[in-house]
Amino acid sequence: MEDEKIIFFSSTVLSSTIPTSYYVTFNKSISVNKIILIRFFLFILFVFYRRKDFSLYWNTCQINDHGYFEHKSVEYLKIYGEEAFDVPYYFPNVNRLKLVHYFKTTNTNRSFIDTLDRLFPLKQLEILEIPDWTMPFDELINLIRLVPKLHTVKLSNLLIYQLNLSLIEQHPIIQSIMQTNRVKTFQLVAPCSLQTLKFILKLFPNIEHLTIGTDKKDIFKILHELFRTKNHHLKSLCFTETPQRYVKEVDFYLQTQDLLTNYSIKLCNRQLFLWW
């Protein structure tokens, strides 16, 4: 009992000697520190987790009386819809574009290229993805010639089947693209014939990594053309939708034809990868 009294007495004496204002000040400092920590945490979340991509649907974001909004954090823009309208957005830092649908403009005085340029600066585009299978070849070329920093192109289709490629290659715009573009990675989902491949390598002479769909009967023609001429800068090649048995067949063909000596070959998710 004496011990308990001593403890009680000590705490009583201690509490009685501390001014009440101390507790008020102490509690306030804790509250201020909590607010500072919360604000700092929210700032970190904003910096590291702010939106980097934006999906634009033409028919759901038409321009209104509130003016234009700049989305400075967006770097990856995805566009949906086949008919373009004026929208209240601008993306000054976009460097990657995905055209899910090829679109036509409702404004007859504005072209496909003009519409894109009103959304973001074309000159800073680095990656172009076009899953749409109906993208006209002339629109694609007009877009590519205006994006000097472009290094990656991913297409579902390349509509050149009925075109005279020999004549097209002489066109001034095509010649300019051949001389100035920086494309190093190219992907084409649709079956790629040998003639189409030759055109792609001429149009983008700096390609290092190539992915193509192809009829299986054309694989060996393509390999023969690539490694006999060697007028390219390729470092890797990928054939999509390839059966397992082609790994051994391609490997055997390269060795017996003496086309490559130091190379690796692998099949992953029905994609046949070849790099050297």
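Residues numbered from 1 in each chain as written. Predicted model: local features only at pLDDT ≥ 70, side-chain atom pairs only at ≥ 80, totals over all residues. Heavy atoms only, no water.

Trainee: What is the right way to read the overall build of the protein from this model?
Mentor: Helix and strand content of the protein: nine helices and 14 strands. In the protein, which comprises 276 residues, the proportion classed as buried is 38%. Taking all contacts inside the protein whose residues are at least 6 apart in sequence as the whole, residues at least 24 apart take part in 61%. In the form shown here, the protein has an accessible surface area of approximately 17,100 Å², with 56% of it arising from carbon and sulfur atoms. (Helix = DSSP H or I, 4+ residues; strand = E, 2+ residues; numbered from the N terminus. Buried < 20%, exposed > 50% of the residue type's maximum accessible area, 1.4 Å probe, protein only. Contact = heavy atoms within 4.5 Å. Areas by Shrake-Rupley, 256 points an atom, 1.4 Å probe, with all protein chains shown as cover.)

Trainee: Please explain the pairing of strand β8 (residues 127-130) as it appears in this structure.
Mentor: Regular strands have side chains that alternate between both faces of the sheet. Burial along β8 is two-sided: Ile127 and Glu129 and Leu128 and Ile130, pointing in opposite directions, are all buried. The pairing of β8 with strand β9 (residues 152-155) spans four bridges and is parallel. Along β9, the bridge assignment pairs Leu128 with Val153. For the segment spanning β8, helix α4 (residues 137-144) and β9, crossover handedness is right-handed. (Pairing = 2+ DSSP bridges. Right-handed = clockwise from strand over helix to strand, strands pointing away.)

Trainee: Just checking my understanding: could you explain the state of the cysteines for this structure?
Mentor: Two cysteines form a disulfide when their sulfur atoms are joined by a covalent bond. Counted under the stated rule, the structure contains zero disulfides. Free cysteine: Cys238, not disulfide-bonded; nearest cysteine sulfur from Cys268 at 9.2 Å. Judged by relative accessible area, which is 35%, Cys268 ranks as partly exposed. (Disulfide = S-S within 2.5 Å.)

Interpretation in functional terms is not warranted from these geometric data alone.
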